[in-house]
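A look at the structure
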Amino acid sequence: MPPTTQTELPSQYNPADVEAAINQRWRDAGADHAEPTNPGPPYAIVIPPPNVTAALHLGHALNNTLQDVLIRHRRMCGDNAVWFPGTDHAGIATQTVVEKRLLMQEGKKRTDFERDAFVARVQAWKDEYEQIITSQLREMGCSCDWQRQAFTMDEPRAKAVREAFFRFFKDGLIYRGKYLVNWDPATQTALADDEVEMQDVDGNFYYMRYPLIGPPLSTGENYVTVATTRPETMLGDTAVAMHPDDPRAEELKDRMVLLPIVDREIPIVFDNYVTRPDPDSDDPKARMSSGFLKVTPAHDLNDWEIGLRHQLPIINVMAPDASISVDHGWPAGEKPLDNPDVKPLVGLSREDARKAIVIWFKDHGMMEEVKPYRHAVGHSYRSHVPIEPYYSDQWYLKVTDDRLRGAALRAMAPDQYAGSYKAADGIGGPGPDGEPRMPSAASYSGHLRFTPARYAKTFQTWHENIRDWCISRQLWWGHRIPVWSKTFNVPADQLDKQIGPQHTGETTQAYENDDGTFTVYWVMRDLKPDRIEAIESAGWAQDPDVLDTWFSSALWPMSTMGWPQDTPELETWNPTSVLCTAREIITLWVSRMVMFNLYFRGTLPFKDVFIHAMIQDGFGQKMSKSLGNGVDPFDIIHSHGADAMRFTLTSMTTHTQDVRMPVDIVDPHTGETVTPDFITTPGGHKVAAPTQNHSGKEMVSSFGLASGQAAPSDDAPLARNTSEKFDLGQRFANKMWNAVRFSLGNLTAEPGDGGARALPDRWVLSRLARTIADADAALGRYAFAEYATTLYDFFWRDLCDWYIEAIKPTVADNPDQQHVLATCIDASLRLLHPAMPFITERLWQGLGDAWPRRGVAGLALPPSELLMKAAWPDADAGLIDEDAERDFDMIQDVVGAVRELRQTHKVPPRQVIETTAKAPAAIAQKLLEYRSITCGLANTIGRGVGPDVDKPAAAAVAIVGAIEIYAHGIVDTDAERQRLTKRADELAKQIKNLEGRLANKAYVEKAPEKLVNETREQLTAAQREAKSVNDQLAAL
RNA sequence: GGGCGAUUAGCUCAGUUGGCCAGAGCGCUUCGUUUACACCGAAGAUGUCGCAGGUUCGAGUCCUGCAUCGCCCACCA
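Computed from a prediction, not measured in an experiment: that's the story for all the values here. (Residues numbered from 1 in each chain as written. Chains lettered and ligands numbered in written order. Predicted model: local features only at pLDDT ≥ 70, side-chain atom pairs only at ≥ 80, totals over all residues. Heavy atoms only, no water.)

1. Here we look at the protein's contact with RNA strand B
For clarity, the threshold we go by: When at least one non-hydrogen atom of a residue lies within 4 Å of a molecule or strand, that residue is treated as near it. Pairing of N or O atoms within 3.5 Å defines a polar contact, subject to two protein rules: one partner must be a possible hydrogen donor and the other a possible acceptor, and residues neighboring in sequence count only if both atoms are side-chain atoms. What counts as a helix is a DSSP run of H or I of at least four residues, what counts as a strand is a run of E of at least two, and both are numbered from the N terminus. Ten residue types, Ala, Val, Leu, Ile, Met, Phe, Trp, Tyr, Cys and Pro, are classed as nonpolar, four, Asp, Glu, Lys and Arg, as charged, and the remainder, Gly among them, as polar.
Around RNA strand B, the surrounding shell holds 62 residues, and the nearest of these are Gln12, Phe205, Asn302, Lys725 and Lys1006. For RNA strand B, the backbone makes up 60% of the atoms found within 4 Å of the protein, where backbone means sugar plus phosphate. At a separation of 3.4 Å, a base nitrogen of RNA strand B approaches a polar side-chain atom of Gln990. Within the side chain of Asn1000, an N or O atom sits 2.7 Å from a sugar or linking oxygen of RNA strand B. When residues of the surface near RNA strand B are traced back to their parent elements, those giving at least two are strand E7 (196-211), strand E13 (367-380), strand E26 (658-661), helix H21 (727-746), helix H23 (784-807), helix H26 (882-904), helix H29 (973-999) and helix H30 (1001-1006). Element by element, the count of residues in the surface near RNA strand B is highest for H21, at nine residues. The residue makeup of the surface near RNA strand B, split by class, is 23 nonpolar, 17 polar and 22 charged.

2. Some points on the sheet that holds strand E9 (residues 239-242)
How we decide: Any two strands between which DSSP finds at least two bridges are classified as paired. To get an axis, a line is fitted to the C-alpha atoms, and for a helix only the part in contact is used. The angle between two axes follows their N-to-C directions and goes from 0 to 180 degrees.
The strand order across the open sheet formed by four strands is E10-E11-E9-E12, and the pairing between neighbours is mixed. Across the chains shown, the open sheet's two edge strands, defined by having one partner strand only, are strand E10 (256-259) and strand E12 (293-295). Going from strand to strand, the sheet's axes swing by 35° on average, the running direction of each strand aside. Two elements, E10 and strand E11 (residues 264-270), share four bridges in a ladder whose sense is antiparallel.

3. Comments concerning empty space enclosed by the protein
Counted only if it meets this: Points on a 1 Å grid, built from protein atoms alone, make a cavity when a 1.4 Å probe fits but cannot get out and make a pocket when they are open with protein on both sides within 12 Å along at least 5 of 7 lines; residues with an atom within 4 Å of a point are the lining residues. Grid points are joined across faces, edges and corners, and a volume is the space filled by probe spheres set on the points.
A full pass over the atoms with the stated rule returns three cavities of 30 Å³ or more. Approximately 150 Å³ is the volume found for the largest cavity. Forming the walls of the largest cavity are 14 residues, and the residues nearest its centre are Val894, Thr915, Ala917, Thr934 and Gly942. Of all the elements in the fold, those that place two or more residues in the lining of the largest cavity are H26, strand E36 (913-918), helix H28 (931-938) and strand E37 (940-942). For the lining of the largest cavity, the class distribution of residues is seven nonpolar, five polar and two charged. By residue class, the composition of the lining of the second largest cavity is four nonpolar, three polar and four charged.

4. Some details on the sheet that holds strand E5 (residues 174-184)
Pairing is antiparallel across the open sheet formed by four strands, whose spatial order is E6-E5-E14-E16. Each edge of the sheet is formed by a strand with only one pairing partner; in this case those strands are strand E6 (189-191) and strand E16 (469-470). Pairing of strand E14 (residues 388-397) with E16, which is carried by two bridges, proceeds in the antiparallel orientation. Paired with Tyr396 across the strands is Cys470, a residue of E16.

5. Let's talk about the packing of helix H3 (residues 91-106) against helix H4 (residues 115-140)
For the record, the criterion: Here is the rule for angles: anything less than 35 degrees is roughly parallel, anything more than 145 is roughly antiparallel, 65 through 115 is roughly perpendicular, and the remaining ranges are oblique. For this analysis, residues touch if any pair of their heavy atoms sits within 4.5 Å.
Viewed as axis vectors pointing N to C, H3 and H4 meet at an angle of 100°, and their least axial separation amounts to 10 Å. Compared by their axis directions, H3 and H4 come out roughly perpendicular. Residues Thr94, Gln95, Val97, Val98, Glu99, Arg101, Leu102 and Glu106 of H3 lie in contact with H4, whose contacting residues are Phe118, Arg121, Val122 and Trp125. Per-class residue counts for the contact of H3 with H4 are six nonpolar, two polar and four charged.

6. Here we look at the packing of aromatic side chains
We count it as follows: Two aromatic rings, drawn from Phe, Tyr or Trp (for Trp, its six-membered ring), form a pair once their centres lie within 6.5 Å of each other, and the interplanar angle then sorts them: stacked below 30 degrees, edge-to-face above 60, tilted otherwise. Definition used: whenever NZ (Lys) or CZ (Arg) falls within 6 Å of the ring centre and also within 35 degrees of the ring normal, the charge is taken to sit over that ring.
Under the definition given, this model contains 42 aromatic pairs. Put simply, the rings of Phe165, Phe168, Phe169, Trp395, Trp469, Tyr511, Tyr521, Phe551, Trp563, Phe596, Tyr599 and Phe600 pair up and form one aromatic cluster. Its end group placed over the ring of Trp395, Arg176 keeps NZ or CZ at 4.9 Å from the ring centre. The ring of Phe742 is capped by Lys808, whose NZ or CZ atom sits 5.5 Å from the centre of that ring.

7. A look at helix H1 (residues 15-29)
We count it as follows: Here, expected helix span is obtained from the residue count minus one, scaled by 1.5 Å. The buried label applies to any residue whose accessible area, calculated with a 1.4 Å probe on protein chains only, is under 20% of its type's maximum; exposed applies above 50%, and partly exposed to all values in between. Here the arc refers to the set of directions running from the helix axis out to each C-beta atom.
Its 15 residues give H1 an end-to-end C-alpha distance of 21 Å, which sits within 8% of 21 Å, the value for a rise of 1.5 Å per residue. The set of residues buried in H1 consists of Pro15, Val18, Glu19, Ile22, Asn23 and Trp26. Take H1 and look down its axis: the buried residues cluster within an arc of 125°, on one side only. Exposed positions of H1 whose direction lies more than 90 degrees from the buried face are Ala16, Ala20 and Asp28. Against helix H2 (58-76), H4, helix H18 (633-639), helix H19 (642-652), H21 and helix H25 (837-850) lie the buried residues of H1. At the C-terminal side of H1, Gly30 shows a positive phi close to 60°.

8. Overview of the pairing of strand E23 (residues 576-582)
As a reminder of what qualifies: The handedness rule is simple: strands pointing away from the viewer, and a clockwise path from the first strand over the helix to the second, make the crossover right-handed.
Here E23 lies mainly inside the structure; seven of its seven residues are buried. As paired elements, E23 and strand E24 (residues 606-612) share six bridges and run parallel to each other. Looking across to E24, one finds that Thr576 is bridged to Phe606. A crossover links E23 with its parallel partner E24, the connecting element being helix H17 (residues 586-601), and its sense is right-handed.

9. Structural notes on the environment of Tyr210
Checked against the element boundaries, Tyr210 lands in strand E7. Once you skip the residues sitting within four places of it in the chain, Tyr210 turns out to touch Tyr223, Val224, Val226, Met234, Asp237, Val240, Val257, Leu259, Pro260, Lys294 and Phe361. Within the structure, Tyr210 has its side chain in polar contact with the side chain of Asp237 (distance 2.6 Å).

10. Quick look at the side chain of Asp545
How we decide: Neither His nor the chain termini are counted; the positive set is Lys and Arg, and the negative set is Asp and Glu. For this analysis, a salt bridge means a side-chain nitrogen from Lys or Arg found within 4 Å of a carboxyl oxygen belonging to Asp or Glu.
Inspection of the secondary structure assignment puts Asp545 in the loop between strand E21 (541-542) and strand E22 (546-547). No salt bridge forms around the buried Asp545; measuring N to O, its nearest opposite-charge neighbour Arg176 is 5.6 Å away. If near-sequence neighbours (up to four positions away) are discounted, Asp545 is found in contact with Gln394, Ser472, Arg473, Gln474, His479, Arg480 and Ile481.

What is shown is where atoms sit, not what they do.
In C-alpha cells:
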C-alpha cells in the first residue's frame, strides 16, 4: 500500500495505484463473506445473474453498483448482509453467439457437432465469459460473497431445476400441450416471445374469394371475400370467420365454403374477434377488413384461438423449414398429391408458395383486390427471418393456475394493487368457499413492493393477461428436460401394468393419441445412471429439448441458497431484502421468481423490487451490441477509476425511466478523447461513424471485441470508450483525496477530544448530523441520487469550501479543532464508502495512522480493521445546533457580501481591505466574536463593528439583512452605482410582488399563517434593504 | 393496438405531499496559482418550466386536451 502521510501522497488521485491493493486487502480479510449464523438482522440480495453471452456493459455496472451501495451500507449498519453472485446460462442467446462464432471462425454449423461436443464448446465459452464478468465485478469493487458464486446450470442449480420440474409435474402444473410456438425456420428452433423482434414490413393485403357451397346470397354473390396478408397459409384453412353482429351473418348461418385449390369444405363460424369493415374507422384493420377472416389454426396464433373456440381441425401445411409440405399434418384423406392444383406447391418455400397462390387466384379471377399494407412482422432475433407460428408439441407450466398467478397477485402490497381483477375471475380474492386461496396471505412475509411504484402496474397487468408458459426449447444449451417417453398400444386399463413401478422421485403422465395409443411421460428427479439405463433399455427415450432459460432463473433466489435442501441460508436470507433490476425483465423474471418462491416455500423471494433506469446513448437509443454504442465498465475504470464510475452512476439514479450517456472514444495511442461523428442508419438509428485515430486508422471499440462481435485485427487499434459524464465522479474523488491530504498535514497535535468547539466546529458537526440522517433516509427510499448529492454537497460545499477554509488560520494550534476535522473526515469517508469503496478505504487507513481516535459525544466512530467493516455513523440529534447554523449562515452571507464587493470593485485578491459593519447590537456582538472567520475567508480586516459605527462617505456598501457592511477606500463609483441600481430594481420588484400577495385578502385568509408571517417578514426585510440601498445611491 | 415515461439554463439532469425570487454539474464570462486540490478557488450571466385550457389565495408540481421524443408489452386479417 502506498505511503500515508500527506507529503508522500501525490497531489492527484490515481485510482490505479489504489484499487488493486485495496481489493486484495478485502479479499485477504474475507470481508465480503457472510454466514447465516453471523449476528445482526439478515439482509440479502441475489444478483440478477448476467448472461454469459458477453462481457458486462454500463447497464450492468449501474445495476451492480446500486446493489453494492445497498449491501455495503447495510453491512456497515451491522446487518448480516450477503450478496449472492452468479451468472446465467442464457440458453438461446449463448447458443446463438457460439454458433455464430463457430461459423465465422471454423465454418462449422451446430449440426456438424455431436450434441455433447457442441455443448462442450458452449461450456468453454461460458467459462471464458464467466471469468471476464467475475473480474469486471471485482474490479468495480462489488462486495459479492464470492464463496457463494453460482451458475444457473451448475449441478446444485440443476438439482433445484429437476426438483421444481418434478413437483410441478406431479402436482399437474406441468403438462404436455400442442401449441403454436415462434418458429425460426432458418435455424429450426423455437424462440421465446422476447426473442422475437418486431419489424415493420411493406406487404400487401390480398382479398381472395372463397366460393360458397349452395345458393348464392341475396346480393347475388356466390362467394365470400377474405382479407389476408398471408395467402400461402390458406392451404391450412379450416374455417372462415365473421363477426356475429355483421349484417350478413344471418344469411350465412350454417353455410360452408369450398376452399380454393385444396377443395376442402370448411364452415363459416362466428367470432367476436373478427373486425367488422368500416372505411371511416381510425383502426386500419377496420378500414382493410372485408368482414371475413380466413382461419388457419396451425399457422396463426389468433386463428389457433378461434380454432379452439370452435373446435376446428388443425392442419399444418409446412415442414420445419417453412416449405409447403403434406407430411406434417395434412389430412391424408384429402390426397393432396393427387390434386393437380396442390401438387406444384409442395416443396415451395413460403415466399414462393405465396407468389404461386396469388397467381392462381388471379388466373382464376378470384383475386378481388391487392392493397399495399405496412405492418409489424415478428422476426427471429437470431437469423432475422420472419417467424413462423408453428404447431408443435411442447411442455407447459400452468402459470394461470391460482396457486401461481393468484398467489403472485395476492402477494402485492395492497396499496400498489389496482384491483381490477375480482374474485369472480379467480384472482385477487378469496376462493369460492370464501377462504383465502393457497398459499394464504398470512403465510407471506410481508408484501411485494415496487419502487418506483408505477412498476407495480406492469407486474399486475402482466399477471392478469398471462398465458400458460411454454417451457420447452428446441436447443442444446440448457437444462435437459428430465422426461422420458414411450408409446403404448394397449387399452387404458392396462397402461399402469405396462409402465411398471416407479421409484421415489419418479412419476408419470399418460396422454392418449389420436390413434388410440398412449404416450407416457416419465419424470425423474434424481438422474441415477442405473435407473436411466433401466428405463432406456426398456424403450423409453429422453426428451431432446431443454428448458426455457427463465425456468432456472425463476428458482435463483432459492437455488443460490441450496434449495431444495432446507439450508440455514434459506432460513436466514430467503426472502431476500430487495431485488434490484431493470424494468425489461419484470415480466420475464421478477414475476416468475415470485410465483416459484411462493409455490415452493410459501414466501416471497424478496420484499422490495427496485427498478432502476436504463442507460441509453447520447441519442436516447438503448445500448446494444448491434449499434456498437455499449460501454465496457473496464473502459471507464481505466479512464476515470472505479469509484468515479460508481459515484456518477449512483448520482444518476433518480426514479426516472431512462438516462442518457453520450459515448466518446479514447484514441489508444494519444489518450485523447474523441467525440465521433454520427451517421443515421436506414433503420433510423444513430451510430458512430467510423472514427480514425491520429494515424488515420479506424478505431474499434473494446466493447465490440469483448462481446465477440468484432474480430480483432492488426489494422484496428483497440479503442476504449468513455463518457465525460464520469468526470463528475473523478473530480469528486480528487477533491476527497486532497481534502484528506490537507487534513493529514494538519493533524499534528497530540489528539484532543474536540471538547472545546468554535462556531465552525459546532456548525460542521450539526451539518454532518443532518447529512447522516438525510443519507439514511435517501438510501431507505432507494433515492440513490439524493444520497450521492447529499454527500457531495456536504463534503465539497460544507466541509471543504467553508469549514476547512474557516479553520485554516486556527487548526494548526488547536487539538480540539483537529479532532473535529478528523471526525468529520472519518464520518464522510464512512458515508461515502458504499458509493466509492476504494478511495474511502484507502484514505481511511491513512487517517487511522494519523489520528487513531475519532468521534465526538453524540457521534461514535468506533475503530475497525477495515472501513468496509466499520460502523455506519449514527449521529445523536443533539449534535444538530440550530444556533450555530443560524450564526454560520450569517457569516456566510457577510463573507459572500464582502467577496461580491471585492469583485465588483476589482480589488486585487491580495489587497487587504478594511471594513466596518453597522448592525443591531446583538448581531454586532456576534460579528466581533466571529471576526476571525470572516477575515480569514474574505481577506478582510473587520474593524469598527457595532451599532454605533458612523456611516462613512465614499465606501462601497453591502447589505445583508440587518447588517450594513462598508468597505473603505475601494470605491469605483460607476460600478457601485450600477450595482446598487440593479439591486434597487430587484428589491422594488420583490416588494411589489410581496405587497401584492399581502393585499390579496384571499391569500391572507386562506394560506397558512406561518406562510403569511413569512411573507410579512420578507417584505419588511426587503423594505429595509431598499431604504439602505437608496440612501447609498443618494450619497453617491 | 395497449401501457409507461420524458419535455425545466447552451448540454446532461434535480425539483418528495401545490407555498421559489426555479436549482446542480458541465459549458460560458471575469478574476485568482510560493496557499490541500487548476481534476482548484471567487464572482457573474443565462429559464414564457413543450403548447392550450382548467382547479386553487397560490401551479414546474394537480386535472383535461394537444404536440414531440423514447421505452416496454402485444397476435402478420
